[in-house]
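Single-letter residue listing:
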Amino acid sequence: MTEVTPLFEVFVRSRRGLDHIHVGSLHAHDAEQALEYARESYIRRGEGVSIWVVESRHIHASQESDVESFYDPMDDKPYRHATHYELPEGVDNM
Amino acid sequence: MSEASDLEQRFEDKIAADERIEPKDWMPDAYRKNLIRQMSQHAHSEVIGMQPEGNWLTRAPTLERKSVLLAKIQDEAGHGLYLYSATETLGVTREELVAALHEGRAKYASIFNYPSLTWADIGAIGWLVDGAAIVNQISLQRTSYGPYARAMVRICKEESFHQRQGYQIMVRLAEGSEAQKQMAQDALNRWWWPSLMMFGPHDGESAHSAQSMLWKIKRMSNDDGRQKFVDQTVPQADIIDLTVPDPDLKWNEARGHYDFGEINWDEFMQVISGNGPCNRQRLGQHKKAHEEGAWVREAMAAYAKRKAETAHD
């Protein structure tokens, strides 16, 4: 059986102070190699200042069938939004 | 140049350039300690702050009010989570942070040591306490530590709902019966000064302010934040015909700000050193909840362990 090279997910921080954002994936034998490949593959043009790599098998994702429950609280709990509350005239900034 | 001073120079350069410091960056020990102190105090405040509001959950006047209050309290727990997690990026564990709170080594906002006596207090807390917190938190969106700044951005997005629901409670009471209006006025009377105290001592007397400003952990001075809060809140009280309990309060045309009276600093010192009306109750309640919840944490761990073992079989 041929050995499968592990898959890594790549996250890049475009600027200091911002969140790392997922940009894609790549194959590598270890994390160090993955970082090097990511540097070569994803930030050749200064797209980022920091890279995170995580082996794909360590990512646990929600299921599409869960989506309804993500939106449910928004649909029937409009009071969670500031715009639900009318301000008296003269108070415009709260 | 030695390696240590080189690292320090690079750190100082980032601060000077208004760049964010990120968890894996080198940072001075004192910077790290200062952040852990401030961020954990902020996290503890979010969590302890659930208590005065929780006090009215079962007595909210309508189901709608109850749902709103429940949603707000849930947000506060979430804010605590964002802040604890951000603090943990500095290399301290959640267990250590909670232990520091329980042993009295870490503080939380002194305002939560005041009791919530009537339903109007729930209005006053949202309007004034969250209002004051927002002034502070807006400035902290630009704090120099990346994870703290990002947590603040998330929190600020949710705070506006908190303040508005509180103000709306005050609006309704203020336009209600004489007794309801009196209840709103009484809540304003009791929460106004403690809200001003939330900004901390005068700039010249604040223990950590100067260094925190230099490191850009703090982006706004205590006195500037307090002034901003007074300026934006007084007109909101005027509009609903409630009176801010400060005889010295008056608009100063020349300054373009309200002048206001001096805070009772003796009371402030008493409350932060543990002698406020509810200090023991708040901390006692937190410890009790933590201890009584131990079985849940143990059960979760046991379940996960069992599941992992079965998966291997």
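Everything discussed here concerns the structure shown above.
Residues numbered from 1 in each chain as written. Chains lettered and ligands numbered in written order. Predicted model: local features only at pLDDT ≥ 70, side-chain atom pairs only at ≥ 80, totals over all residues. Heavy atoms only, no water.

Asks: How do you make sense of the pairing of strand E1 (residues 7–13) of chain A when you look at a structure like this?
Replies: Side-chain positions along a regular strand alternate between the two faces of the sheet. Residues and elements named next belong to chain A. A large share of E1 lies buried, amounting to 6 of its 7 residues. Of the pairings in the sheet, the one linking E1 to strand E2 (residues 21–27) comprises 6 bridges and is antiparallel in character. Its bridge partner lying in E2, phenylalanine 8 is registered against leucine 26. With 6 bridges joining them, E1 and strand E3 (residues 50–55) adopt antiparallel strand pairing. Counted as the bridge partner of phenylalanine 11 is tryptophan 52 from E3. (Buried < 20%, exposed > 50% of the residue type's maximum accessible area, 1.4 Å probe, protein only. Helix = DSSP H or I, 4+ residues; strand = E, 2+ residues; numbered from the N terminus. Pairing = 2+ DSSP bridges.)

Asks: Would you explain helix H10 (residues 222–239) of chain B in this entry?
Replies: For an α-helix, the turn length of 3.6 residues means that residues three or four places apart are oriented alike. All names here are of chain B. Between its first and last C-alpha, H10 extends 27 Å over 18 residues, near the 26 Å set by a 1.5 Å rise per residue. The complete set of buried residues in H10 reads Asn222, Gly225, Arg226, Gln227, Phe229, Val230, Asp231, Thr233, Val234, Gln236 and Ala237. On the buried face of H10, the contacting elements are helix H6 (119–140), helix H7 (146–174), helix H8 (178–197), helix H9 (209–214), strand E2 (257–259) and helix H11 (265–275). Looking at the residues trailing H10, positive phi occurs at aspartate 241, about 60°. (Expected span 1.5 Å × (residues − 1). Contact = heavy atoms within 4.5 Å.)

Asks: Even after reading the chapter, I still don't get the nonpolar core, so can you show me in this structure?
Replies: Across soluble globular proteins, you tend to see nonpolar side chains buried next to one another. All names here are of chain B. Grouped together as the largest cluster of nonpolar side chains are 54 residues, with contacts concentrated most on Trp119, Trp127, Leu128, Met170, Trp191, Trp192 and Phe229. Setting aside chain neighbours within four positions, we find phenylalanine 229 in contact with Leu128, Gly131, Ala132, Val135, Trp192, Ser195, Leu196 and Phe199. Among the nonpolar cores identified, the runner-up in size contains 24 residues, and Ile21, Met39, Val92 and Met152 belong to it. (Core = buried A, V, L, I, M, F, W, Y, C linked by side-chain atoms within 4.5 Å.)

Asks: In this structure, what is going on with H8(B)? I would like to understand it.
Replies: Residues and elements named next belong to chain B. The end-to-end C-alpha distance of H8, which contains 20 residues, comes to 30 Å, matching closely the 28 Å that a straight helix rising 1.5 Å per residue would cover. Along its length, H8 shows its largest kink, about 35°, at tryptophan 191, and proline proline 194 lies within four residues downstream of that point. Where H8 is buried, its residues touch H6, H7, H10 and H11. (Bend = angle between axes of the 7 residues up to and from the residue.)

Asks: Mind showing me how you'd approach a negative patch on the surface here?
Replies: Residue and element names in this part refer to chain A. Taken together, the side chains of Asp30, Glu32, Glu36 and Glu40 present a region of like negative charge at the surface. Checked against the element boundaries, glutamate 40 lands in helix H1 (residues 31–42). Assessed through its relative accessible area of 48%, glutamate 40 is described here as partly exposed. (Patch = residues over 30% accessible without salt bridge, like charges linked within 9 Å, V, L, I, M, F, W, Y side chains within 5 Å. Areas by Shrake-Rupley, 256 points an atom, 1.4 Å probe, with all protein chains shown as cover. Salt bridge = Lys/Arg side-chain N within 4 Å of Asp/Glu carboxyl O. Lys, Arg positive; Asp, Glu negative; His and termini not counted. Charge placed at Lys NZ, Arg CZ, Asp CG, Glu CD.)

Asks: Is there a simple way to think about the sheet that holds E3(A) in this case?
Replies: Residue and element names in this part refer to chain A. Taken together, 3 strands build an open sheet; the order of strands is E2-E1-E3 and the sheet is antiparallel. The open sheet has two free edges, formed respectively by E2 and E3, since each of these has just one partner strand. Within this sheet the neighbouring strands show an average axis-to-axis angle of 30°, counted without direction. Against the sheet, H1 touches E1, E2 and E3, its axis set at about 115° to E2. (Axes fitted to C-alpha atoms, helices over the stretch in contact; angles between N-to-C directions.)

Asks: Honestly, the interface of chain B and chain A in this entry has me stumped. Any pointers?
Replies: Often, the extent of an interface is quoted as the loss of accessible area upon association of its parts. Listed per partner, the contact involves 24 residues of chain B and 19 residues of chain A. Contact with chain A buries surface across chain B, with B:Arg150, B:Phe161 and B:Arg164 losing the most and accounting together for 30% of the total. B:Glu19 serves as the salt-bridge partner of A:Arg16, at 3.2 Å between the closest nitrogen and oxygen. Between the two partners, chain B and chain A, sit 14 residue pairs in polar contact (both at pLDDT 80 or more). Where the side of chain B that touches chain A is concerned, the elements lending two or more residues are helix H4 (63–88), H7 and H10 of chain B. (Buried area = accessible area lost by both parts, 1.4 Å probe. Polar contact = N/O pair within 3.5 Å; in protein donor to acceptor, adjacent residues only side chain to side chain.)

Asks: How should the packing of aromatic side chains be read in this particular structure?
Replies: The geometry of an aromatic ring pair is captured by the separation of the ring centres together with the interplanar angle, meaning the angle of the planes. Residue and element names in this part refer to chain B. As enumerated under the stated definition, the model contains 11 aromatic pairs over all chains in all. Plain terms: the ring middles of phenylalanine 199 and phenylalanine 229 are 5.8 Å apart, the flat faces sit at 45° to each other, and that makes the pair tilted. With phenylalanine 199 in the loop between H8 and H9 and phenylalanine 229 in helix H10, this pair connects stretches of sequence that are 30 residues apart. The two residues phenylalanine 199 and phenylalanine 229 agree in class, both being buried. (Phe/Tyr/Trp six-rings, centres within 6.5 Å; stacked < 30°, edge-to-face > 60°.)

Asks: Got a minute to help me understand the packing of H6(B) against H7(B) in this structure?
Replies: Between two packed helices, what matters for the description is the angle formed by their axes and the separation of those axes. All names here are of chain B. One can describe the packing of H6 onto H7 by two numbers: an axis separation of 7 Å at closest approach and a directional angle of 150°. In terms of axis orientation, H6 runs roughly antiparallel to H7. Regarding H6 and H7, the two cross each other, and that crossing is left-handed. Here the contact of H6 with H7 is built from residues that sort into 17 nonpolar, 9 polar and 2 charged. (Parallel < 35°, antiparallel > 145°, perpendicular 65-115°, else oblique. Left-handed = near helix turned anticlockwise from the far one by under 90°. Nonpolar A, V, L, I, M, F, W, Y, C, P; charged D, E, K, R; others polar.)

Asks: Mind showing me how you'd approach the packing of H8(B) against H10(B) here?
Replies: Residues and elements named next belong to chain B. One can describe the packing of H8 onto H10 by two numbers: an axis separation of 9 Å at closest approach and a directional angle of 150°. What the angle tells us is that H8 and H10 run roughly antiparallel. Touching Trp192, Ser195, Leu196 and Met197 of H8 are Arg226, Phe229, Val230, Thr233 and Val234, all from H10. Considered class by class, the residues forming the contact of H8 with H10 number 6 nonpolar, 2 polar and 1 charged.

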